[in-house]
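Chain by chain, the residues:
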Amino acid sequence: MFRQIDKFAKTNGEFLSLRPRYTQDVKELRACVDMAVDWEATHGLLMQAPKLSHVVNNADWLQTAVVPAPVSLAPSPIPRAEFEKVVALQPVLNLLFDSVARDHDFLVSTLESLGTADEFTSRIFSMYMKQYEMRMEKPAVVGIHRSDYLIHAPANEPDASPQAKQVEFNTIASSFASLSAIVGDFHRFMLERTGFQGLLKEGQVEMNQLPENESLTSIGDGIAVGFELYGTPSAVVAMIIQPDERNVYDQRWIEEGLWKRGDTEIAVAYYRAGYAPTDFPTEKEWEGRWLVEKSRAIPIPNLAYHLAGCKKIQQVLAQPGVVERFVSDEETARRVRECFVGLHPLDNSEEGQQAYEMALKFPANYVAKPQREGGGYNSYGEDIPKLLSGMSVEERRGYILMELIQAPGFDSILLRNGQLVPAEVVSELGIYGIWVSNSKGDIVVNRHGGHLLRTKASNVREGGVAAGFAVIDSPLLV
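The structure contained in this document is the topic of the report that follows. No experiment lies behind these values; they were computed from the predicted model shown.

## Points about the overall build of the chain
Part 1: Secondary structure summary: the chain contains 16 helices and 20 strands in total.
Part 2: When the accessible surface of the chain is totalled, it reaches about 20,700 Å², and 50% of it is carbon and sulfur.

Written as structure tokens, this is what we have:
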């Protein structure tokens, strides 16, 4: 029998004190490993094993081996009020970024300020301009987004409220929606079966602290609505992926959901790749992207949505009055701005020069970000002066400077490759957003689509699971 938790954190001090304490002694938890790994295997919480450079004799099976996905053994704490706030905010952000993507003048003026510093973004932008001149009408616009947050809760400000601060807004290849929902079920199973005995040293974990997660089905549902607006039942959905993709089962869950609908012909091109220069090694890949864009097929994302997800757009939206250009309601605009941290250009403008000097003088307070997705591109702390000092002013235009979010560490146990790893961790919360509008721009779907929690060691700067930096987790609402 589980109790109901009825007290939740309102201040940083309460948030830090209401978090459970997990042991760091893995010897007490060995019996949990087989139970956890077996549950993952029987419920599709899997990834493909890393490809080997060579295969030993009579072991070809290694090339198609699967491994349990890296997970936390128990859920990680997130303030309930902030979780509910960003879930409610997601439809507002969906609408905001749709408005940004439809504002041609805003996109052009903002992205032209990058100059030629970022060749990849420049080429996507050129393709967008070419398509814009064609006035190609699509049957629908579909957005599969994810807004990512860290919890800002400095221990030296115990009476302040913890705040979910936006790290970035993803408009392309927002992954792990399928496996994220399954991890929530995994944690419910472990709580019900073990009560986290041996793991839980202080505090408590109750079922009503584990929120339901609809991300397993929401992405497929959004794609299906776009497919129906295409209007050709014999068409199919194409999912564009990277070669040697390890996260294939997260994608297969979406595919399975679509096949159950009986769809059999290509109406929708759903990109789980295409966000980095390495996805376009030859002209053939660029030709493929253009073929989709100039056709009637519905790309997810379209070029305008792809560009709206650039870090430069995020930085400009944080400037005074820019959100209000797209959000007329004052209270709604305030809610959006509440999740922003300080964002600055690094160009040759007066603000850019000031940000450059701040980054050199106080690098520990900032993150330098290029116009890239996928993890591994950002620079932190003492790496920032080294990065910026080696750049020309023109090259700096391709970067923004973001204030560092002070997320508190938490002692947890991670399960990776069948091994228990004790670590102080931080967690990044992602809220999925599903948007569908028809050819006239009328809203058909605008909703949140569940959540993702990625957890990594606090001394690891980047947070991608597929890139090997983090594990999949689920939130414990406190």
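The rest of the description comes next.
## Describing the sheet that holds strand E11 (residues 298–300)
Part 1: What the three strands build is an open sheet, ordered E9-E10-E11; its pairing is parallel. One side of each edge strand has no neighbouring strand; the edge strands of this open sheet are strand E9 (237–240) and E11. Strand-to-strand twist of the sheet, defined as the mean angle between neighbouring strand axes without regard to direction, takes the value 15 degrees.
Part 2: Bridge analysis of E9 against strand E10 (residues 268–271) gives four bridges, and the strand direction is parallel. In the strand pairing of E10, Ala238 is matched with Ala269.
Part 3: Its contacts with the sheet put helix H7 (residues 215–230) on E9, E10 and E11, and the angle it makes with E10 is roughly 150 degrees.

## Observations concerning helix H14 (residues 350–361)
Part 1: Look at H14: 17 Å from first C-alpha to last across 12 residues, which is about the 16 Å you get at 1.5 Å a residue.
Part 2: Along H14, the residues that are buried comprise Gly352, Ala355, Tyr356 and Ala359. Angularly, the buried residues of H14 cover 105 degrees about the axis, an arc narrow enough to put them on a single face. For H14, the exposed residues set more than 90 degrees away from the buried face come down to Glu350, Glu357 and Lys361.

## A short note on the nonpolar core
Looking at soluble globular proteins, one finds that nonpolar side chains tend to be buried together.
Part 1: If you look at the biggest cluster of nonpolar residues, it comprises 114 residues, and the most contacted ones within it are Leu45, Leu96, Val100, Ile313 and Leu317.
Part 2: For this core, the leading source of residues is helix H3 (residues 80–102), giving 10 residues.
Part 3: Not counting the four nearest positions on each side in its chain, Leu45 is found in contact with Trp39, Glu40, Pro68, Ala69, Val71, Leu179, Ile182, Val183 and Phe186.
Part 4: Core analysis: the next-biggest nonpolar cluster, separate from the first, contains 11 residues, Ala368, Ile384, Leu388 and Leu401 among them.

## Things to note about the sheet that holds strand E14 (residues 379–380)
Part 1: Strand order in the open sheet formed by four strands is E12-E15-E13-E14, and the pairing between neighbours is antiparallel. At either margin of the open sheet sits one strand with a lone partner, and together these are strand E12 (343–345) and E14.
Part 2: Bridge analysis of E12 against strand E15 (residues 399–403) gives three bridges, and the strand direction is antiparallel. By the bridge assignment, Leu343 is partnered in E15 with Met402.
Part 3: Seen against the sheet, H14 touches E12, strand E13 (366–370) and E15 and runs at an angle of roughly 110 degrees to E12.

## Some thoughts on helix H5 (residues 119–134)
Part 1: Over its 16 residues, H5 runs 23 Å from end to end, which matches the ideal 22 Å to within 8%, given 1.5 Å per residue.
Part 2: Along H5, the positions that sit buried rather than exposed are Phe120, Thr121, Ile124, Phe125, Met127, Tyr128 and Gln131. Down the axis of H5, the smallest arc covering the buried residues is 160 degrees, so these residues share one side. Exposed residues pointing more than 90 degrees away from the buried face of H5 are listed as Glu119 and Glu133.
Part 3: Summarising the contacts, the buried residues of H5 are in contact with helix H4 (104–112), helix H9 (283–294) and helix H10 (303–308).
Part 4: The opening residue of H5, the one whose side-chain oxygen lies 3.2 Å from the backbone nitrogen of Phe120, is Asp118.
Part 5: Phi turns positive one or two residues past the end of H5, at Arg135, with a value near 55 degrees.

## Details of the packing of aromatic side chains
Part 1: For the structure on display, the rule yields 10 aromatic pairs.
Part 2: Aromatic side chains Tyr128 and Tyr132 sit 6.1 Å apart centroid to centroid with 40 degrees between the ring planes, which places their arrangement in the tilted category. Placement of the pair is Tyr128 and Tyr132 together in helix H5, with a separation of four residues, close to one helical turn.
Part 3: A centroid spacing of 4.1 Å and a plane angle of 25 degrees characterise the contact between Phe280 and Trp286, whose relative ring orientation is stacked.
Part 4: What makes Phe280 buried here is its relative accessible area of 10%.
Part 5: Chaining the aromatic ring pairs together yields one cluster made of Trp39, Phe186 and Phe189.
Part 6: The ring centre of Phe15 lies 5.7 Å from the NZ or CZ of Arg19, which sits over that ring.
Part 7: Its end group placed over the ring of Tyr356, Arg396 keeps NZ or CZ at 3.8 Å from the ring centre.

## Looking at the packing of H4 against H5
Part 1: Their axes nearest at 12 Å, the elements H4 and H5 cross at an angle of 155 degrees. By the criterion of interaxial angle, the relationship of H4 to H5 is roughly antiparallel. Our pair here, H4 against H5, has a crossing hand that is left-handed. Residues His104, Leu107, Val108, Leu111 and Glu112 of H4 touch H5, and the partners they reach there are Phe125, Tyr128, Met129 and Tyr132.

Scoring rules and cut-offs
Here the residue numbering is sequential within each chain, running from 1 through the sequence in written order. At least 70 in pLDDT is required for a residue's local features to be given in this predicted model, at least 80 for side-chain atom pairs to be given and counted, and no such filter applies to totals for whole chains, interfaces and linings, which use all residues. For side-chain calculations, the full set of non-hydrogen atoms in the structure is used, while hydrogens and water are omitted. Here a strand is any run of E in DSSP of at least two residues, a helix any run of H or I of at least four, and the numbering for each starts at the N terminus. For every accessible area listed, the method is Shrake-Rupley and the probe measures 1.4 Å; residues are considered covered only by the protein chains on display. A pair of strands counts as paired when DSSP detects no fewer than two bridges linking them. With axes taken as lines fitted to C-alpha atoms, and helix axes fitted only over the stretch in contact, angles between N-to-C directions fall between 0 and 180 degrees. Only heavy atoms enter the contact rule, under which two residues are in contact if any of them lie within 4.5 Å. To estimate how far a helix should extend, the number of its residues minus one is multiplied by 1.5 Å. Here's how the labels work: a residue is buried when its accessible area is under 20% of the maximum for its type, exposed when over 50%, partly exposed in between, all with a 1.4 Å probe on protein chains only. The directions from the helix axis to the C-beta atoms form the arc being described. By convention a nonpolar core is built from buried Ala, Val, Leu, Ile, Met, Phe, Trp, Tyr and Cys residues, the set being connected through side-chain atoms within 4.5 Å. Polar contacts, as used here, are pairs of N or O atoms within 3.5 Å; protein pairs need one atom able to donate a hydrogen and one able to accept it. Residues neighboring in sequence count only if both atoms are side-chain atoms. To pair, rings of Phe, Tyr and Trp, with the six-membered ring standing in for Trp, must have centres within 6.5 Å; the planes then decide the type, stacked if under 30 degrees apart, edge-to-face if over 60, and tilted in the middle. Placement of a charge over a ring requires the Lys NZ or Arg CZ to be within 6 Å of the ring centre, with the centre-to-atom vector within 35 degrees of the ring normal. Any angle between 65 and 115 degrees counts as roughly perpendicular, while under 35 counts as roughly parallel, over 145 as roughly antiparallel, and the rest as oblique. Whether a crossing is left-handed or right-handed is set by the direction in which the near helix is turned from the far one by less than a right angle, anticlockwise for left-handed and clockwise for right-handed.

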